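Each chain, letter by letter, is given below.
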There are 4 protein chains.
Amino acid sequence: MKDTFTIGGIALKSRLFVGTGKFSSHQIMTEAIEASNAQVVTVALRRIDLDSAEENVLNFIPKNCILLPNTSGARTAEEAVRIARIARAAGCGNWIKIEVISDHKYLLPDNYETIKATEILAKEGFVVLPYMNPDLMVAKRLQEAGAAAVMPLGAPIGTNRGLKTKEMIRILIDEINLPIIVDAGIGKPSEAAEAMEMGAAAVLVNTAIATAGDPVAMARAFDLAVQAGRMAHISGPGATRLYAEASSPLTGFLE
Amino acid sequence: MKDTFTIGGIALKSRLFVGTGKFSSHQIMTEAIEASNAQVVTVALRRIDLDSAEENVLNFIPKNCILLPNTSGARTAEEAVRIARIARAAGCGNWIKIEVISDHKYLLPDNYETIKATEILAKEGFVVLPYMNPDLMVAKRLQEAGAAAVMPLGAPIGTNRGLKTKEMIRILIDEINLPIIVDAGIGKPSEAAEAMEMGAAAVLVNTAIATAGDPVAMARAFDLAVQAGRMAHISGPGATRLYAEASSPLTGFLE
Amino acid sequence: MKDTFTIGGIALKSRLFVGTGKFSSHQIMTEAIEASNAQVVTVALRRIDLDSAEENVLNFIPKNCILLPNTSGARTAEEAVRIARIARAAGCGNWIKIEVISDHKYLLPDNYETIKATEILAKEGFVVLPYMNPDLMVAKRLQEAGAAAVMPLGAPIGTNRGLKTKEMIRILIDEINLPIIVDAGIGKPSEAAEAMEMGAAAVLVNTAIATAGDPVAMARAFDLAVQAGRMAHISGPGATRLYAEASSPLTGFLE
Amino acid sequence: MKDTFTIGGIALKSRLFVGTGKFSSHQIMTEAIEASNAQVVTVALRRIDLDSAEENVLNFIPKNCILLPNTSGARTAEEAVRIARIARAAGCGNWIKIEVISDHKYLLPDNYETIKATEILAKEGFVVLPYMNPDLMVAKRLQEAGAAAVMPLGAPIGTNRGLKTKEMIRILIDEINLPIIVDAGIGKPSEAAEAMEMGAAAVLVNTAIATAGDPVAMARAFDLAVQAGRMAHISGPGATRLYAEASSPLTGFLE
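Residues numbered from 1 in each chain as written. Chains lettered and ligands numbered in written order. Predicted model: local features only at pLDDT ≥ 70, side-chain atom pairs only at ≥ 80, totals over all residues. Heavy atoms only, no water.

As recorded in an unreviewed UniProt entry, chain A goes by Thiazole synthase and comes from Thermotalea metallivorans. Check the Pathway (unreviewed entry) section of the UniProt entry for chain A; it says "Cofactor biosynthesis; thiamine diphosphate biosynthesis." UniProt, in the comment section headed Subunit (unreviewed entry), describes chain A in these words: "Homotetramer. Forms heterodimers with either ThiH or ThiS." (UniProt positions renumbered as here; feature names shortened; annotations may be inferred.)

Dropping the structure here:
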């Protein structure tokens, strides 16, 4: 079975995107990314030391991965746009994950600045993946603005709290004709699997892998869970019932 | 990493047990069992036609699997004991899953009769895996009675309702020195993964695979999900937080 | 204890707002509103027949209630503004609940148009209560725009699905210095109580009352539940614990 | 509307039972019981000083309440029976709540010893209310043994964790012809309301009231919440829907 989804003209097989923050070392990060089988890796442009080859985080991202620079640190559309342009000029490719955040306690995205940045960057030829608070009307505008996917949050960044916005993500999946990539909040493989069972196109995981006791094993666990959830979605789960139904015959065996 | 658990002296690598009921054909059942990578397969003795070689469901269970006959149809300890003895005499081995059920609407097990049957059969040398309503005091008695594992239900049989008894299963995992195998109710791979993340030793899945649109793909999905959940449990998940924590640096990039 | 909250300069004692849609008769609506003890009653301006005294729904709203006309039917800020002005000109007072909805399947609000309408109407002296998809940055903008409260949804209108957006409502309560009034989705008194326990200032209920078997008794149930939840919030609930703690002494009585 | 339920031949109007443990003073306990409007009050016989009139907790329980002595401290049926007999001989009446607990970490009840004690005490003319781990087959046996009600736990005693055993309580309500009184674990009024909405006959609350910042106000909150939940159950809640349904007309107002 060939099950892929397409972003920016590229057919992706792995539905697990990973982040590069919070790892205890570059070495562990590299191993975890490899173990995750991710094809798309996000990195804050802020962390890319454009002058130093040695310390550059990019050197520790496997070469076959697609780079998804993010605009972390941007508080307005304008700042996000500037960061995106710098990233492309620096040779990081034309994919960009827009993060516009001015709230420092919950790190919740600013949907309207995000729409503005998406409009500008999509016109400039970027493959734009906006991080968003799940909201149907915003997702529709991001679609019109030329987004390549939408990335609703499951819970605030770094909380490992899981799919707390399930109701709204379900609606985005139902209504929006773009890949829905659940980003932020996913803390355990079971939650990643559930997002995929619901019909998400992919999930992005960072904190849950980077802060695990064994990040490399956890990366592998997420890879398997995402595959499992996707497979289940395609397979068509059986119905849920209120009353029991025997798996084995109940007529008295000994009668 | 060699991660196994032991039942009846046998080290098991796969933590997914599967059932054989409700499949649309023997052929699909065989393919699904193979796809699941299960090492232990449960079958109702009632379904084993001891006289006919041709129709015998056993012929469709992969040869390398351990057979776990169950006492489905038994309404008392006495009946369960009789079925277990017939199964062993018929060459089905000495593993037995005790199901004692007299409730026809929710198919909930009779813990008391289950303890009685466990005592008798463990003394007779059976490897006894009792299906139970999760209850700490009952699990302690099953342990004393010589059970090889305990199999608490997640929800009524065949309902696909998930881990509705999570609170009690968590307590069994915390307090009982036997493998805890979650049996019944699991409807999706994400739920199987969650049971494993909680520290269950294994899960048994039947209805969710057999009634899926594509049972073979769903069996594969459950295999991956169980591996993912187990790996996550071992890896040590990161902490859950109420407030956000940045994965990427937030100091203004453009300052 | 005098526990009130203030909107538009009016101290409100009842924290249950009710709606007037979907009742089987005007008579039952009147009785249900009275049973609810609500002080604020919302009504779609569309349903107010400005020309006919007889059929006018306003005649069936108890005289001591504050009228909260809503802009149901508006698809843009401009339309909402026009409806608000008509309502005021027609003598419906200067409170207005802004509903801007262009999605016909889930009836989810358009936060962006809602902010625009709020800005305009607050400047014109209206007491503006905007219905919104819960989003921290939007709530901040509504606050800046002069909203008198914010009304985040618990679930899509009319679904009776409960507090599906709990995570985001909790954040609004934590961060926004305006009364948070949970509107839409609340299906049972227990859910209204939970919203109040979380610290919501009030809840608005319509479908759950109007479509109950006995709307009058259900209205009374919601009144009690809202009071209960509010009282619990003020009382300071005890801590939640993972392990048990005896309420009664456990030292062996008979020793 | 006269809505009562009957235990031991007595028609009870209040569906909130309260406990007497963990209060910071007898005075506050008395006030909280009065505020709760409870008609049935449970007390550990162990705490009743049968020799001292002054310190006797019974003196602080309002005179119009029915006393429900409990067998806290009993680890076996035999001990529970002895405590029950002492309670009756001491003039505490013939109601008895059976608690048989030998697990000191989670304080989970021993269902089988509980059944044994119920059989003996029911034959001796006691009105027996057994505390139990929710289990359909056990509830059936308690019914046969002559129990006047069954008291399934929502979560371990004193945890304030809520209705964690909802699935099994729902089944008891569906299948058992005795009042189902949810006991233990209820931490907030909203949870008490939910139990009542599900069809429980009553709830027993102790820790959540006694450990609240303001126990008297919390007692009142639980009284209201229990009434609200009961009323909602009787009223017949409207259906839950997946898609939205407008409360107000959506046809464009301005067309």
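J.: Summarise the relation of the copies chain C and chain D; cite the residues concerned and give the values.
T.: Each copy superposes on the other: chain C lies on chain D with an RMSD of 0.0 Å after a rotation of 180° and an axial shift of 0.0 Å. The transformation just described matches what one would write down for a two-fold rotation axis. A share of 100% of interface residues in chain C that are also interface residues in chain D marks the association as one of identical surfaces. (Least-squares fit on C-alpha atoms with pLDDT ≥ 70 in both. Contact = heavy atoms within 4.5 Å.)

J.: So what's going on with the nonpolar core? Residues and values would help.
T.: A general tendency of soluble globular proteins is for nonpolar side chains to be buried together. If you look at the biggest cluster of nonpolar residues, it comprises 163 residues, and the most contacted ones within it are Val-203, Ile-209 and Phe-222 of chain A together with Val-203, Ile-209 and Phe-222 of chain B. Not counting the four nearest positions on each side in its chain, Val-203 of chain A is found in contact with Arg-15, Leu-16, Phe-17, Ile-181, Val-182, Ile-186, Ala-192, Ala-195, Met-196 and Val-226 of chain A. The next biggest cluster of nonpolar side chains, apart from the first, holds 162 residues, and it includes Val-205 and Val-216 of chain C together with Ala-77 and Ile-209 of chain D. (Core = buried A, V, L, I, M, F, W, Y, C linked by side-chain atoms within 4.5 Å. Buried < 20%, exposed > 50% of the residue type's maximum accessible area, 1.4 Å probe, protein only.)

J.: Can you tell me about the interface of chain C and chain D, naming the residues and giving the values?
T.: Across the contact, 67 residues belong to chain C and 67 residues belong to chain D. When chain C packs against chain D, the two sides together hide about 5800 Å² of surface, and 63% of this comes from carbon and sulfur. A salt bridge links Glu-197 of chain D to Lys-188 of chain C; the shortest N-O distance between them is 4.0 Å. Along the contact surface separating chain C from chain D lie nine residue pairs in polar contact (both at pLDDT 80 or more). Of all elements in the fold, only helix H2 (77-89), helix H6 (189-198) and helix H8 (215-235) of chain C reach the threshold of two or more residues within the side of chain C that touches chain D. Broken down by element, the residue count for the side of chain C that touches chain D peaks at 11 residues, all from H8 of chain C. (Buried area = accessible area lost by both parts, 1.4 Å probe. Salt bridge = Lys/Arg side-chain N within 4 Å of Asp/Glu carboxyl O. Polar contact = N/O pair within 3.5 Å; in protein donor to acceptor, adjacent residues only side chain to side chain. Helix = DSSP H or I, 4+ residues; strand = E, 2+ residues; numbered from the N terminus.)

J.: Could you give me a rundown of the relation of the copies chain C and chain A, with the residues and numbers involved?
T.: For the match of chain C to chain A, the screw axis carries a shift of 0.0 Å, the RMSD comes to 0.0 Å, and the turn is 180°. Comparing interface residues between copies, 93% of those in chain C also lie at the interface in chain A; the contact surface is shared.

J.: Run through the pairing of strand E7 (residues 127-132) of chain B, naming residues and quoting values.
T.: Residue and element names in this part refer to chain B. Counting buried positions along E7 yields six of six residues, so the element is predominantly enclosed. Of the two faces of E7, both are covered, the one formed by Val-127, Leu-129 and Tyr-131 as well as the one formed by Val-128, Pro-130 and Met-132. The pairing of strand E6 (residues 95-98) with E7 spans four bridges and is parallel. Across the sheet, residue Trp-95 finds its bridge partner in E7, namely Val-127. In the classification by handedness, the crossover that spans E6, the intervening helix H3 (residues 111-123) and the parallel E7 is right-handed. By the bridge criterion, two bridges tie E7 to strand E8 (residues 151-152) in an arrangement that is parallel. Bridge pairing in E8 links Met-132 to Pro-152. Handedness of the crossover is the feature at issue here: the chain leaves E7, passes through helix H4 (residues 136-144), returns alongside E8, and the resulting connection is right-handed. (Pairing = 2+ DSSP bridges. Right-handed = clockwise from strand over helix to strand, strands pointing away.)

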